[in-house]
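Here are the chains, one letter per residue:
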2 protein chains.
Amino acid sequence: MGYRVIAGPFDLGAWSAAHLERVEQALSQWVTTDMPTGVDHGAPAALVAAMRYAVLDGGKRLRPLLVMAAFEATQAQPSEDAPTAEAALRAACAVELIHAYSLVHDDMPCMDNDVLRRGKPTVHVQFGEASALLAGDALQALAFELLTPESDVISERSQARLCRQLARAAGSAGMAGGQAIDLASVGHALSEHQLREMHRLKTGALLQASVMMGATCGQPTPAALDALAVYGAAVGLAFQVVDDILDVTADSATLGKTAGKDADQDKPTYVSILGLERSAAYAQELLAQALGALRSSGLSQTQALAGLAKMVVNRSS
Amino acid sequence: MGYRVIAGPFDLGAWSAAHLERVEQALSQWVTTDMPTGVDHGAPAALVAAMRYAVLDGGKRLRPLLVMAAFEATQAQPSEDAPTAEAALRAACAVELIHAYSLVHDDMPCMDNDVLRRGKPTVHVQFGEASALLAGDALQALAFELLTPESDVISERSQARLCRQLARAAGSAGMAGGQAIDLASVGHALSEHQLREMHRLKTGALLQASVMMGATCGQPTPAALDALAVYGAAVGLAFQVVDDILDVTADSATLGKTAGKDADQDKPTYVSILGLERSAAYAQELLAQALGALRSSGLSQTQALAGLAKMVVNRSS
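Summarised in this report is the structure supplied together with it. Source: prediction; values computed, not measured. (Residues numbered from 1 in each chain as written. Chains lettered and ligands numbered in written order. Predicted model: local features only at pLDDT ≥ 70, side-chain atom pairs only at ≥ 80, totals over all residues.)

What follows is about the overall build of chain A. Each helix and strand counted, chain A has 15 helices and 2 strands in total. The buried share among the 317 residues of chain A stands at 53%. Sequence-distant contacts, at least 24 apart, represent 74% of the contacts inside chain A between residues at least 6 apart. (Helix = DSSP H or I, 4+ residues; strand = E, 2+ residues; numbered from the N terminus. Buried ≥ 20, exposed ≤ 12 C-beta atoms within 10 Å, placed from the backbone. Contact = placed C-beta atoms within 7 Å.)

If you want it as structure tokens, here you go:
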């Protein structure tokens with residue numbers, strides 16, 4: 001469970017690759033019939049197969065990387081093989097499980113009715129709708145199971161806080177709430193304020209929670225926590241603004257999903273409200289906010305957080 | 001948040017009525033746009049309406065009553081208005097939210113496709129499938145949010161343990177796993193062992209967790225915990241055996257759901273495997289096990305637990 005503290009000039013690519021490898025390994029280890037509590041409870045193999053299909057080998061893993069970056073920025077003393085490193089890894093995977101379950105349910109016929117994700121058939125296409133529904137439900141529960149091991153790799157105090165942060169970010173005042181607003185907004189005009197509110201819940205809450213949960217595994221000062229909350233909110237919003245821009249400017253092959261879908265569905269987006277140019281300027285403004293928050297945080301090891309913010313804004317897919 | 005310690009000869013009806021009133025009030029208070037963390041995060045009203053519809057004014061509330069009964073049996077000193085009483089009430093409501101979400105998803109067209117529950121249109125009939133899916137998802141998250149308040153009404157140690165118990169019981173090695181086995185079993189012959197395993201996960205895990213979570217809010221001895229685990233497993237299994245019996249012997253009006261449905265769907269049941277008479281004997285045997293466990297628990301205030309076990313086995317609906 002150790003991880004390497006990277007020395008020398010900061011290389012986001014190398015940092016991400018090293019952490020992604022650990023996250024992929026951990027997800028594969030923990031999403032099994034042999035549950036993370038270390039006891040084989042006999043989870044049925046067919047359900048676990050659908051859960052693994054939904055989680056493994058896919059996605060940019062932005063949320064886990066934000067968890068790890070915020071953890072490293074707030075560690076009192078970087079150390080290898082510390083129990084706290086497993087705490088952050090569990091938090092990183094828990095957040096990704098919530099994200100993965102939301103995609104499974106989102107793709108279902110009664111929601112977005114998507115048949116492809118990351119070039120593969122979606123879970124309900126591959127396993128049937130009922131299995132997709134149950135796999136998503138089980139992934140949400142597993143996220144909280146990952147955060148609450150019986151061993152002391154996470155203090156009970158941190159377990160409670162991590163569960164609190166994740167539950168809020170996932171629920172009716174977070175991701176699920178944002179999806180409900182999204183659902184109700186198709187074909188309706190939204191003000192920029194309403195659009196921002198929807199995205200603050202739908203994607204922003206979980207992205208911000210990723211940052212805050214990473215910090216929960218570290219030892220941040222109150223001032224650092226405040227700064228990270230600003231950073232997380234700005235990155236969360238920037239993520240969505242850039243998503244909206246790419247939906248217009250990128251082609252489907254680059255995106256790995258259907259481009260132009262928002263406009264086709266008459267969904268309100270930043271581009272439809274602000275236009276392309278002002279949307280791009282807004283994304284840069286949010287990046288500046290995020291980087292400013294890091295500078296004022298009093299934290300020294302913020303290179304990964306800064307790099308991830310730049311990556312979110314300047315990505316092409 | 002106080003509750004009354006009932007003196008004199010034990011009256012399960014009065015005990016249940018008093019506790020049900022508190023549970024109903026608490027559910028109504030906590031399933032709102034003003035989330036249990038005490039801050040209005042702006043959960044969308046339409047989503048919360050579907051969540052309230054799914055949760056309020058319905059059901060026997062067996063799981064919350066088991067939580068409260070196990071809490072009272074394991075309290076060191078019964079007291080009114082103790083923070084621990086709110087801890088148990090939160091645990092009781094959290095378990096009920098998990099149960100409620102499972103019913104919402106279970107009723108959906110891709111699962112059981114039920115249009116009526118407790119005499120009312122099911123959530124997807126009333127609010128649409130997408131809203132039902134999201135309401136269920138949000139109810140699961142809310143369960144964990146209820147267990148992790150920022151205030152000290154639940155110690156962080158207990159918050160961590162309650163989340164662990166609930167996550168395991170709800171997930172792939174618990175309720176969701178049992179539903180996956182159930183789904184795969186339609187039209188297949190199951191052995192009694194396989195049937196028991198399915199029900200241990202599908203309904204038993206959450207019923208047993210209700211008992212253990214109530215005890216987590218108390219101060220049980222290790223011996224009492226062991227005995228309560230046996231009690232919870234026996235009551236959980238008995239619940240399902242009796243369900244299978246009633247599906248054959250009761251009419252739809254009494255049940256409040258469609259009778260004879262299991263046989264119609266060619267689902268394996270205790271009655272189809274053991275026959276009616278041996279199923280009834282098995283239910284009585286499980287009741288004896290549950291009551292025996294209470295006698296060996298070293299606990300003195302077990303009247304409510306004993307009464308609930310008898311009610312589960314001797315109910316007519």
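Taken together, the contact pairs 47 residues of chain B with 47 residues of chain A. Within the residue set of the side of chain B that touches chain A, elements represented by two or more residues are α2 (45–55), α6 (129–146), α7 (156–170) and α8 (175–185) of chain B.

Another aspect to go through is the packing of helix α7 (residues 156–170) of chain A against helix α9 (residues 192–216) of chain A. All names here are of chain A. It is the contact of α7 with α9, at a shortest axis distance of 9 Å, that shows an interaxial angle of 175°. The pairing of α7 with α9 is recorded here as roughly antiparallel in orientation. Contacts between α7 and α9 involve Ser158, Arg161, Leu162, Gln165, Leu166, Ala169 and Ala170 on the former and, on the latter, Ala205, Leu206, Ala209, Met212, Met213 and Thr216. Looking at the contact of α7 with α9 residue by residue, the classes come out as 9 nonpolar, 3 polar and 1 charged. (Axes fitted to C-alpha atoms, helices over the stretch in contact; angles between N-to-C directions. Parallel < 35°, antiparallel > 145°, perpendicular 65-115°, else oblique. Nonpolar A, V, L, I, M, F, W, Y, C, P; charged D, E, K, R; others polar.)

This part covers the packing of helix α3 (residues 62–74) of chain A against α9(A). Residues and elements named next belong to chain A. Contact pair α3 / α9: the axes reach a minimum separation of 7 Å and the direction vectors enclose 35°. Considering how the two elements wind past one another, α3 and α9 form a crossing that is right-handed. Counting all contacts with α3, which are made through Arg63, Leu66, Val67, Met68, Ala69, Ala70, Phe71 and Thr74, the residues of α9 involved are Leu206, Leu207, Ser210, Val211, Met213, Gly214 and Ala215. Its residues assigned to classes, the contact of α3 with α9 comprises 11 nonpolar, 3 polar and 1 charged. (Left-handed = near helix turned anticlockwise from the far one by under 90°.)

Residues and elements named next belong to chain B. As for its position among the elements, alanine 306 is in helix α15 (residues 303–314). Of the residues examined, alanine 306 has 19 C-beta atoms within 10 Å and is grouped as partly exposed. C-alpha of alanine 306 to C-alpha of glycine 292: the two residues are 14 residues apart in sequence and 9.7 Å apart in space.

Turning our attention to unusual backbone geometry. One non-glycine residue, Asn113(A), adopts positive backbone phi at about 55°. Of the residues examined, Asn113(A) has 11 C-beta atoms within 10 Å and is grouped as exposed.

On to the relation of the copies chain B and chain A, then. Laying chain B over chain A is done by rotating through 180° and shifting 0.0 Å along the axis; what remains is an RMSD of 0.0 Å. Such a combination of turn and shift is consistent with a two-fold rotation axis. Among all residues of chain B, the minimum C-alpha distance to the rotation axis is found for Ala160(B), at 2.4 Å. Looking at the interface residues of chain B, 100% of them are also at the interface in chain A, so both copies use one shared face. (Least-squares fit on C-alpha atoms with pLDDT ≥ 70 in both.)

What follows deals with the environment of Lys60(A). All names here are of chain A. You can see lysine 60 is positioned in the loop between α2 (45–55) and α3. The partly exposed category is assigned to lysine 60, around which 15 C-beta atoms lie within 10 Å. Considered as a pair, lysine 60 and leucine 20 are 40 residues apart in the sequence and their alpha carbons are 9.0 Å apart.

Moving on: α8(B). All names here are of chain B. Buried residues dominate α8, accounting for 8 of its 11 residues. All of the buried residues in α8 are Met175, Ala176, Gly177, Gly178, Gln179, Ala180, Ile181 and Asp182. Glycine 187, located one to two residues past α8, shows a positive phi value of around 80°.

Further remarks concern the nonpolar core. Membership of the largest hydrophobic core comes to 214 residues, with the highest contact counts inside it found for Leu166(A), Ala238(A), Leu166(B) and Ala238(B). Aside from chain neighbours lying at most four places away, what touches Ala238(A) is Ala283(A), Leu286(A), Leu287(A), Ala290(A), Val312(A) and Val313(A). (Core = buried A, V, L, I, M, F, W, Y, C linked by C-beta atoms within 7 Å.)

Residues and elements named next belong to chain B. A rise of 1.5 Å per residue sets the reference length of helix α14 (residues 276–295), with its 20 residues, at 28 Å; its end C-alpha atoms lie 29 Å apart and thus fit the reference within 8%. Buried within α14 we find Ala283, Leu286, Leu287, Ala290, Ala293 and Leu294. Each buried residue of α14 sits inside an arc of 125° when the element is viewed along its axis, so together they form one side. Away from the buried face of α14 by more than 90 degrees, exposed residues Glu277 and Arg295 are located. (Expected span 1.5 Å × (residues − 1). Arc of directions from axis to C-beta.)

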